[in-house]
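Here is what each chain is made of, one letter per residue.
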Number of protein chains: 4
Amino acid sequence: MKAMREIELKGHIIDSQILTKVFDRIMDMNGEFEVLTFDIGKRKTDSSYARLMVGGKDDEHVDQIISELHRLGARLPEMEDVELAPAPADRVIPKGFYSTTNHPTHVRHKNEWLGVENIEMDCLVVVEDTRALCKPLAMIKKGDHVAIGKKGIRVVPPERPRSRSIFEFMGGGTSSERPSETLISQIAEEIKKIKKKGGKIAVVAGPAIIHTGAAPSLAKMVKKGYVDVLLAGNALAVHDIEYDLYGTSLGMNIKNAELVSEGHKNHIYAISEIIQAGSIAKAVEQKIIKGGIMYECVKKNIPFVLAGSIRDDGPLPDVITDAMAAQDAIRVAIKDVDMVLMMATMLHSIATGNRLSSHVKTICIDINPATVTKLMDRGTAQVIGIVTDVGTFLPMLAEKLLE
Amino acid sequence: MKAMREIELKGHIIDSQILTKVFDRIMDMNGEFEVLTFDIGKRKTDSSYARLMVGGKDDEHVDQIISELHRLGARLPEMEDVELAPAPADRVIPKGFYSTTNHPTHVRHKNEWLGVENIEMDCLVVVEDTRALCKPLAMIKKGDHVAIGKKGIRVVPPERPRSRSIFEFMGGGTSSERPSETLISQIAEEIKKIKKKGGKIAVVAGPAIIHTGAAPSLAKMVKKGYVDVLLAGNALAVHDIEYDLYGTSLGMNIKNAELVSEGHKNHIYAISEIIQAGSIAKAVEQKIIKGGIMYECVKKNIPFVLAGSIRDDGPLPDVITDAMAAQDAIRVAIKDVDMVLMMATMLHSIATGNRLSSHVKTICIDINPATVTKLMDRGTAQVIGIVTDVGTFLPMLAEKLLE
Amino acid sequence: MKAMREIELKGHIIDSQILTKVFDRIMDMNGEFEVLTFDIGKRKTDSSYARLMVGGKDDEHVDQIISELHRLGARLPEMEDVELAPAPADRVIPKGFYSTTNHPTHVRHKNEWLGVENIEMDCLVVVEDTRALCKPLAMIKKGDHVAIGKKGIRVVPPERPRSRSIFEFMGGGTSSERPSETLISQIAEEIKKIKKKGGKIAVVAGPAIIHTGAAPSLAKMVKKGYVDVLLAGNALAVHDIEYDLYGTSLGMNIKNAELVSEGHKNHIYAISEIIQAGSIAKAVEQKIIKGGIMYECVKKNIPFVLAGSIRDDGPLPDVITDAMAAQDAIRVAIKDVDMVLMMATMLHSIATGNRLSSHVKTICIDINPATVTKLMDRGTAQVIGIVTDVGTFLPMLAEKLLE
Amino acid sequence: MKAMREIELKGHIIDSQILTKVFDRIMDMNGEFEVLTFDIGKRKTDSSYARLMVGGKDDEHVDQIISELHRLGARLPEMEDVELAPAPADRVIPKGFYSTTNHPTHVRHKNEWLGVENIEMDCLVVVEDTRALCKPLAMIKKGDHVAIGKKGIRVVPPERPRSRSIFEFMGGGTSSERPSETLISQIAEEIKKIKKKGGKIAVVAGPAIIHTGAAPSLAKMVKKGYVDVLLAGNALAVHDIEYDLYGTSLGMNIKNAELVSEGHKNHIYAISEIIQAGSIAKAVEQKIIKGGIMYECVKKNIPFVLAGSIRDDGPLPDVITDAMAAQDAIRVAIKDVDMVLMMATMLHSIATGNRLSSHVKTICIDINPATVTKLMDRGTAQVIGIVTDVGTFLPMLAEKLLE
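Residues numbered from 1 in each chain as written. Chains lettered and ligands numbered in written order. Predicted model: local features only at pLDDT ≥ 70, side-chain atom pairs only at ≥ 80, totals over all residues. Heavy atoms only, no water.

In this section: the overall build of chain A. Within chain A one finds 14 helices and 18 strands. The C-alpha radius of gyration of chain A comes to 24 Å, within 12% of the 22 Å expected for a compact globule of 403 residues. Its C-alpha atoms give chain A principal-axis dimensions of roughly 80 × 50 × 35 Å. When burial is assessed residue by residue, chain A has 63% of its 403 residues classed as buried. Counted over contacts in chain A with a minimum sequence separation of 6, partners at least 24 positions apart contribute 66%. In the form shown here, chain A has an accessible surface area of approximately 14500 Å², with 49% of it arising from carbon and sulfur atoms. One way to put it: in chain A the 51 positive side-chain charges average out to a point 4 Å from where the 53 negative ones average out. (Helix = DSSP H or I, 4+ residues; strand = E, 2+ residues; numbered from the N terminus. Rg over C-alpha atoms; globule rule 2.2 N^0.38 Å. Buried < 20%, exposed > 50% of the residue type's maximum accessible area, 1.4 Å probe, protein only. Contact = heavy atoms within 4.5 Å. Areas by Shrake-Rupley, 256 points an atom, 1.4 Å probe, with all protein chains shown as cover. Lys, Arg positive; Asp, Glu negative; His and termini not counted. Charge placed at Lys NZ, Arg CZ, Asp CG, Glu CD.)

Moving on, we come to the interface of chain B and chain D. Contact residues are listed per partner, giving 56 residues for chain B and 55 residues for chain D. Here chain B packs against chain D, burying approximately 4900 Å² in sum over the two surfaces, 58% of which is carbon and sulfur. Remark: the boundary between chain B and chain D carries two salt bridges. Measuring nitrogen to oxygen at the nearest pair gives 3.6 Å for the salt bridge that ties D:Glu273 to B:Lys95. Our enumeration of links across chain B and chain D arrives at 22 residue pairs in polar contact (both at pLDDT 80 or more). (Buried area = accessible area lost by both parts, 1.4 Å probe. Salt bridge = Lys/Arg side-chain N within 4 Å of Asp/Glu carboxyl O. Polar contact = N/O pair within 3.5 Å; in protein donor to acceptor, adjacent residues only side chain to side chain.)

Residue and element names in this part refer to chain B. The strand order across the open sheet formed by six strands is E15-E12-E11-E16-E17-E18, and the pairing between neighbours is parallel. At either margin of the open sheet sits one strand with a lone partner, and together these are strand E15 (304-307) and strand E18 (384-387). Each strand axis lies, on average, 15 degrees off the axis of its neighbour in the sheet, ignoring direction. Summarising the sheet, strand E16 (residues 339-343) and strand E17 (residues 361-366) pair through five bridges and their orientation is parallel. Looking at E17, one finds that Leu341 is bridged to Ile363. Helix H10 (residues 293-300) contacts strand E12 (229-233) and E15 of the sheet and is inclined by roughly 140 degrees relative to E15. (Pairing = 2+ DSSP bridges. Axes fitted to C-alpha atoms, helices over the stretch in contact; angles between N-to-C directions.)

Let's shift gears to the sheet that holds strand E3 (residues 48-56) of chain A. Residues and elements named next belong to chain A. In space, the three strands of this open sheet follow the order E1-E3-E2, with antiparallel pairing throughout. The two strands at the open ends of the sheet, each matched to only one other strand, are strand E1 (3-11) and strand E2 (32-39). The mean inter-strand angle of the sheet, taken between neighbouring strand axes irrespective of direction, is 20 degrees. In this structure, E1 lies alongside E3, joined through nine bridges in antiparallel fashion. Opposite Ala3, over in E3, you have Gly56 as the bridge partner. Lying over the sheet, helix H1 (residues 18-28) contacts E1, E2 and E3, oriented at roughly 160 degrees with respect to E2.

A few words on the interface of chain C and chain A. At the interface, 55 residues of chain C touch 56 residues of chain A. Buried area between chain C and chain A, both sides added, is near 4900 Å², and the carbon and sulfur share of it is 58%. Where chain C touches chain A, the interface holds two salt bridges. For the pair chain C and chain A, the interface holds 22 residue pairs in polar contact (both at pLDDT 80 or more). Those elements that place two or more of their residues in the side of chain C that touches chain A are helix H2 (59-71), helix H8 (266-277), helix H11 (323-334) and helix H12 (346-353) of chain C. Here the side of chain C that touches chain A is built from residues that sort into 22 nonpolar, 18 polar and 15 charged. (Nonpolar A, V, L, I, M, F, W, Y, C, P; charged D, E, K, R; others polar.)

Our focus in this paragraph is the relation of the copies chain C and chain A. When chain C is fitted onto chain A, the two copies agree to an RMSD of 0.0 Å after a turn of 180 degrees and an axial shift of 0.0 Å. The operation mapping one copy onto its partner corresponds to a two-fold rotation axis. Ranked by how close their C-alpha atoms come to the rotation axis, the residues of chain C are headed by C:Asp322, at 2.1 Å. Interface residue correspondence from chain C to chain A reaches 100%, placing this contact among same-surface, isologous pairings. (Least-squares fit on C-alpha atoms with pLDDT ≥ 70 in both.)

A few words on the packing of helix H6 (residues 215-223) of chain C against helix H14 (residues 390-402) of chain C. All names here are of chain C. Two numbers describe how H6 lies on H14: the axes approach to 8 Å, and their chain directions differ by 30 degrees. Relative to H14, the element H6 is oriented roughly parallel. By crossing handedness, the relation of H6 to H14 is classed as left-handed. Of the residues in H14, those touching H6 at Ser217, Leu218, Lys220 and Met221 are Leu394, Pro395, Leu397, Ala398, Leu401 and Leu402. For the contact of H6 with H14, the per-class residue count stands at eight nonpolar, one polar and one charged. (Parallel < 35°, antiparallel > 145°, perpendicular 65-115°, else oblique. Left-handed = near helix turned anticlockwise from the far one by under 90°.)

Our next topic: the relation of the copies chain B and chain D. Between the two copies, chain B and chain D, the superposition gives an RMSD of 0.0 Å; the rotation angle is 180 degrees and the shift along the axis is 0.0 Å. By residue overlap, the copies meet face to face through one surface: 98% of the interface positions of chain B are interface positions in chain D.

All right, on to the nonpolar core then. Core analysis: the biggest nonpolar cluster contains 75 residues, and B:Ile209, B:Leu341, B:Met343, B:Leu394 and B:Leu397 have the highest contact counts within it. Setting aside residues no more than four positions away along its own chain, B:Leu341 makes contact with B:Ile187, B:Ile191, B:Ala202, B:Val203, B:Val204, B:Ile363, B:Ile365 and B:Leu397. With 74 residues, the next largest nonpolar core counts D:Val203, D:Ile268, D:Ile365 and D:Ile386 among its residues. (Core = buried A, V, L, I, M, F, W, Y, C linked by side-chain atoms within 4.5 Å.)

Glancing now at the domain arrangement of chain A. All names here are of chain A. Domain parsing of chain A yields domain 1 (1-77), domain 2 (79-158) and domain 3 (166-237 + 287-402). Each of domain 1 and domain 2 was reduced to a C-alpha centroid, and the two centroids are 22 Å apart. Facing the twelve residues of domain 1 at the interface are 13 residues of domain 2. With both chains or domains summed, domain 1 and domain 2 bury close to 1000 Å², and 53% of this area falls on carbon and sulfur atoms. (Domains from an automatic or database assignment.)

Below, the discussion takes up the pattern of salt bridges. Inspection of every chain in the model, using the stated rule, returns 84 salt bridges over all chains. C:Glu120 is the salt-bridge partner of C:Arg331, the closest N and O atoms lying 2.7 Å from each other. With a gap of 211 residues between them, C:Arg331 in helix H11 and C:Glu120 in the loop between strand E6 (112-117) and strand E7 (124-128) connect regions that are remote in the sequence. C:Glu120 shares its class with C:Arg331; the two are buried. Salt-bridge contacts for D:Asp81 lead to D:Arg108; the nearest nitrogen and oxygen are separated by 3.1 Å. A residue pair is termed long-range when its members are at least 10 positions apart, and D:Asp81 in the loop between helix H2 (59-71) and strand E4 (83-86) and D:Arg108 in strand E5 (residues 105-109) qualify at 27 residues. The class for D:Asp81 is partly exposed, based on a relative accessible area of 28%. A network of salt bridges, in which partner residues are shared, links A:Glu120, A:Asp328, A:Arg331 and A:Arg355.

Next up on the list: the packing of H1(A) against helix H2 (residues 59-71) of chain A. Residues and elements named next belong to chain A. Here H1 crosses H2 at 155 degrees, and the two axes come no closer than 10 Å. Taken together, H1 and H2 sit at an angle that is classed as roughly antiparallel. Considering the relative orientation of H1 and H2, their crossing is right-handed. In contact with Val22, Arg25 and Ile26 of H1, H2 contributes Ile65, Glu68 and Leu69. Across the contact of H1 with H2, the residue classes break down as four nonpolar, no polar and two charged.

Here is the structure:
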């Protein structure tokens, strides 16, 4: 070992697996380590502290290791300011840029620690006077002071919850072979608890909610104040409106599961009606739409983002067809949410997950376990997955919320 | 075309796709055909009649084609008796044996048409005096008169139901994106209708019913008389009894989804208790078991078959560990059933499906669409699949049955 | 039956299941029918002809039935011109509009039959002088002459292929439990056959092609002329370029499957490099990109469409971020293609499938059978599905193409 | 905290997550802990040592906690002998019995530590003189000295491998989005390494290997000495023999993927042929079988276990139809294996996994990710999963092994 450097770790570093991951990563990268100090939390509420000497074959090697450990929460004990470099052009990054995790992050600038605002994964940190901003590549402007390296940057990965809740015992897993009704009760409890504390809940929703007949349940949840923001695509809104106008979804009568004559045209009629009205809100005003999820959102002034996709028919006038503009709208919408319920959509769930801080409670409900796996593989590691049928899940959830 | 032979087709041969399949098969096999007569059913209740001349490059070729068409319901107009050949040894088949479909089948023996008893796919037909029996290879005895070729054999494939029901509009498909609650209501209607007519319903059940917390719902269905026979494995019974004795399944408390201390031992304890009692029925008698699916079966005298598998712990004394003996027990149990509900088990569903006549109404409920696909690929083509979570499905079904 | 109307059917209406579907639909809708004439094709190359009287409880009922039959290929024997109505406003449809299928379609205007150009499902037909155009709702302009009802419109559903090929024996199914290598050989044969005849092949590609290490195989196929147009998203191009620049995909070294230090930043670096160069083509020119799928496309002048999505990082400057603009680019790109290979992407496969005429040979390769099911449920019924691992499939396909 | 007890932990307890799990479990169970001593391994080859005081609300509570920690590798520092109790009857367990993990286990009896022989999960430990045996419930005899409680029992959970291999970097995960060909190369390397050291490899194989056309590849692997034991069901052997005798599998010609006339009868013919010959080995001797997987096994004297199931046709005379007898045959067959390759079968993979010690390298290859998930949920936590198509995987693996 020619080169070495000290790091320190603080918090519930054992039961939150942080120390485990640090050791693993060093070994994965053929590095060495020596534990200099280790003050283990004596009791479960105490936090631990560790100082490690990390070694590698040369300075570059140690550097590479340190920069991985850094993402896991390790800090360099030396007190140094973050290094900044100007962006050479719009949407062009300086070499060595610091790429964000989705964990709460702080940068030390002019001897002060600044919390990075609106943290999300795979972005850059830009320092402006006394603020540190998390910016996606697309928003980088020439000359922005972009954080590089990892000096003066601290990451705070989430710790294992100390309380007993569905988020603790399901931690990072899916619901295979667990009691469905019990889990649904516990989700209802969490939702109620958050609303009681004045928290915000976002719902990410796919069109299968309508096809499987669960639209009235979600509409009721909106009406009763359990949804603070709705994120969806054109299809959810179209089929919700189709169902309100004609009683069908994909041309199928939801009440008896029969295909309706000419029903395949209903979703196009529905879009055309809303285009003629001007917008969903105007269609509610004009009493064209008289019920359903979108109706309740309009009535309760619940903000919604309908993000466009290349599969869309129409689309509705409310749909944001530019992907980048839609991303930004999602960013604004999920600011300060405490919990996200993702239901029956892989595209919108991953797009939302990519913009979420790791401390936001996230539940993904899908019939396909691959949706949860992908979300976690893409970095939304805090998600818990419930593999179930949204068509039976939502009625049960709504009942437990409203009972 | 050097060789040719006439066939005839009768019934609802167009809307049941029989004529389509006949034409397809001839073309697949490079054969030719000429339509000699075609009397189409003028109205939807009329049946059609067709006579076709089938041609091939030589007699063997035509023979091969005919024997495929035969399985689709085509008949040779000549009135001939079935050909029989003796089995050369126990479990050894004569060359050219007739392999059964799962459709109702008749053989002409001594100028009389005999219905083949207990028809199931991939078996042999043995004629004994005035009876025709469907026998699996394992039951063939030396000297049995086994049907060979296809002369004097008639197959009656199922026709499209004339009435409107879930079986008609879901025909051969799965429930992806259909209204879950509506489908469950319709299944409840079908069950009630069958019970009203004095029909029999079999349930094939996997242990996920217990793990997902749906055991009380199935137990209630048994108690209320909606289940006439139960087909399952060791695991369903073990976990049902574990749940009754200790409130857990796989060591998890079903009421709060928490792992119970020492809970991993509960299923072994449960097995041991029943072994000590002698059997499930005796454990009910001795008041060791006081509730649950198996309890209700014992109380209501509902026959159950617990078929063993190489994954089993224990097993319980009631389990039939020999695979061939278990198959035979399944055969006996499903005789005369009108409907089968298969829930959350691929192994037992396919094993049961393989023994079912194609006229038995069959519904497969599974979270994994592959289970339905496999069932259909293995020949249980009449099945309709509901891709949902048994943990939310069963409570909803039980509620609709009992309301 | 108070009301009735005649229809006629022509072609291989039996083995292509058209007659079956017509009878089914009438019965589904509680209608009646009487067969007036039925001239069945005597031999397999002959086509059939049927005239049916369709009855219902009143004119509206018969009308509803007829308009469903129409989509299956039924024609009204009366020779009438198509009815047209003006669009009341931009993107607003006249009542009773004719909604397209994805089958080749003709409209009779001023006594002449016009083929509808660029047919795709769920669109409108607009007649301009002597042309009939298929237009999505978004392109409808106030005053456009939109076809309504179904008079004077003919739909030609695809017939079962008379030749023996993978498209015939796999018709509308997935590859579960079929010999993988044999299927790959047959796909290679089809590709070669199409290229020999001067046909065009489109590839729809997801990023898993890069992650699973199959990029060099696809690059080789482009280079050797087996790909005429590429449809993908930002991620495919980013990871292809990341792999070319740094040997990684999602930060993983493709050659040894190890995570590279700081590798999670590579895809952002790759995007930034291309933004700085100006475009993918310029990056190739400037020798920044020296190989890979995108490189070969640029070198061979193969057009590509990179459609944006809300999950995108960056995106690359070549990405069309507006969903509607991207849809139109897809429409242009797939004009006149003879075959589409869809690989490892549900979003782009469905978006492309929605724009395809049903006569285009379509193969979907995916590890997840749900992708194929969804494609078919969404109307791309001609697709055949190969459930396999693109990481082993593509190397084998490339080998068979190039041997 | 009224009650407390000391435990100790040794080994790579941090990077193998043992300490993390211990802390987690104490908190899950509402216990408390105090760290008395903690000597952390200073370097990556050093092991660590910890002494903890565990507290609970009463002795029973502490006991419950300790018995969970015990399964994770915690030891009671006091040196006491294992407690034994006699089994009250055949297959009946004494209260408080010790239920095994699948980790290597030692019991202290008369002051000596005895390694438990043939360790597998969910069994009992029986002490006979100077031997400690792992016995499933079914083998317990009245009077057997069964271990109870956890005193004098040590469990050694597997530690994270120190070397770099596929088993380390894939640890407990599936291959989603990893380079397929690279992974296959690495599996080939592992196999070669094990064979070089004289190790034993078991293959667990499902019939899809035959249907997907991969039988020749597996046969070649057997022939070349890469398979030491084969575990399968009736179907694998039947279809392998069907393929050898008639070139088909499930009646489909593997070379051109076409259904063969009368092909549906071939598997029954194949079974009948072997029944007539007496056994698979005799059919090889009599030159009825001339190639394939079973042929190579017979020729190379590779032991095989064909375990029966209720889905079986026939079965072949070599099939063990009793589930318990088949389990025991599996136990004997996998004794001393170093690696297990599980391919395309959930039933046999889980049955084998349940009998395996956690130190055996285990790879599961399946197109369905649920198979891997189930294996891990059922306790075979050491498995690494490769989600791929066995029909392309095996040819590639065989090529890499033989090149």
